[in-house]
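# Residue-level structure breakdown
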Amino acid sequence: YGSTRPERILAEVKRKATRGDARSVVDTIDQYCRHQEWAMNVGDEKGTILDSIVCEVKPRAMLELGTYCGYSAVRIASLLPPNSRLITMEFNPVFAAIARQVIAWAGVEDKVVLIEGPSGDWIPKMKKEFGLTSFDLVFLDHWKDCYLPDTKLMEECGLLRTGSILVADNVICPGAPDYLEYVRGSPRYESKYFRSHLEYTTVEDGIEKSVFLG
Ligand SMILES: Nc1ncc2ncn(CCCCCNC(=O)c3cc(-c4ccc(F)cc4)cc(O)c3O)c2n1
Ligand SMILES: [Mg+2]
């Protein structure tokens, strides 16, 4: 029930997941989207790759572009060290409203700041709005044709420092060919592809991890 897919996902979380237990929220969404209706969460397989990078980097300041229902925001926030913060950006107010409730149900709201609006508008304001110097880790999971322009914008706005890491979902499916060409061809990035599958399917997809060299 619920008129939109995100609303049905939220209903399932409230029905099945334990309040305050981020893992149970993640598992509930994965179960629902694998067995009831597909949704564009990073999912369990690619999520494990994302987890390993978050644990390795231990980011103090992290940015996610494209919140959707908050699945990856919950996954990431549950792994963040104390007094770290995930800023997650969502364009669609309906998705943002659902994500806030999913994030709250998981009990990670004090590690997550959800901002609403297009990345192109927000990126130039981030430093001032959040007293940031740079992001340690950025997860790109929004419009695939925004990956490249937004990466260039983050460079221009001084939001990346030597060692900042970009993690991009869906570089194969739906694909971000211009972004891949850029990070793999640029001397300013050290890029690595983690082969996986499109969430809840056997279709090939993967995650690209790119270290900004300054
Ligand atoms: N600029 C800006 N700023 C801020 C924003 N916040 C949200 N957005 C818009 C994001 C809209 C959703 C983005 N995500 C995807 O489109 C996506 C799609 C698939 C997929 C779909 C169908 C298939 F058959 C196969 C694969 C799978 C994935 O894992 C995906 O992540 C923003 N944009
Ligand atoms: Mg994705």
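Below is a summary of the structure that appears in this document. Here the residue numbering is sequential within each chain, running from 1 through the sequence in written order. Both sets of labels track the order of writing: A upward for chains, 1 upward for ligands. Owing to the predicted nature of the model, reporting of local features is limited to residues with pLDDT of at least 70; listing and counting of side-chain atom pairs is limited to 80 or more, with chain, interface and lining totals taken over all residues. Side-chain figures throughout are based on the complete set of non-hydrogen atoms in the structure, without hydrogens or water.

## Some points on the side chain of Lys144
Rules: Under the scheme used here, helices are H or I runs from DSSP no shorter than 4 residues and strands are E runs no shorter than 2 residues, and both carry numbers assigned from the N terminus. Within 3.5 Å is the distance limit for a polar contact, defined as a pair of N or O atoms, with the added protein rule that one can donate a hydrogen and the other accept it, and that residues adjacent in sequence qualify only through two side-chain atoms. We call two residues in contact whenever any of their non-hydrogen atoms come within 4.5 Å of each other.
Inspection of the secondary structure assignment puts Lys144 in the loop between strand S4 (135–140) and helix H8 (147–156). Looking at Lys144, its side chain comes within polar contact range of the side chain of Asp141, at 3.3 Å. Engagement of the side chain of Lys144 in a polar contact is seen with the side chain of Tyr147, the distance being 3.0 Å. Look past the residues within four positions of Lys144 in its chain and what remains in contact with it is Asn170, Pro174, Gly175 and Ala176.

## What about unusual backbone geometry?
Along the chain, Cys173 connects to Pro174 via a cis peptide bond; the corresponding omega equals 5°. Tracing the backbone shows Pro174 in helix H9 (residues 171–175). Located in the positive-phi region is Lys58, a residue other than glycine, with phi close to 45°. In this structure, Lys58 sits in the loop between helix H3 (43–57) and strand S1 (61–65). Positive phi, normally seen in glycine, also occurs at Asn83, with a value near 40°. Relative to the helices and strands, Asn83 is located in the loop between helix H4 (71–77) and strand S2 (85–90).

## What about the sheet that holds S2?
Rule in force here: Two strands are said to pair when DSSP picks up at least two bridges between them. The angle between two axes is taken between their N-to-C directions and runs from 0 to 180 degrees, where each axis is a line fitted to C-alpha atoms and a helix contributes only its stretch in contact.
Across the sheet, 7 strands lie side by side as S3-S2-S1-S4-S5-S7-S6; this open sheet has mixed pairing. On the outer flanks of this sheet lie strand S3 (112–116) and strand S6 (189–197), each paired with one strand and no other. On average, each strand axis in the sheet is tilted by 15° relative to the strand beside it, whichever way the strands run. Pairing of strand S5 (residues 160–168) with strand S7 (residues 204–212) involves 4 bridges; the strand directions are antiparallel. In the sheet register, Val167 faces S7, and the bridge partner there is Lys209. Each of S2 and S3 is contacted by helix H5 (residues 93–106), which is oriented at about 170° to S3, the strand it contacts most.

## Here's the deal with the pattern of salt bridges
Put simply, the rule is: Definition used for salt bridges: Asp or Glu carboxyl oxygen within 4 Å of a side-chain nitrogen of Lys or Arg. Any residue under 20% of the maximum accessible area for its type is buried, any over 50% is exposed, and the rest in between are partly exposed; the area is computed with a 1.4 Å probe on protein chains only.
Enumeration according to the criterion identifies 17 salt bridges in this entry. Between Asp169 and Lys46 there is a salt bridge, with its nearest N and O atoms 2.7 Å apart. Of this pair, Asp169 sits in the loop between S5 and H9 while Lys46 is found in helix H3, placing the two residues 123 residues apart along the sequence. As far as burial versus exposure is concerned, Asp169 and Lys46 are alike and both buried.

Honestly, that's just the spatial picture; any functional story needs more than this.
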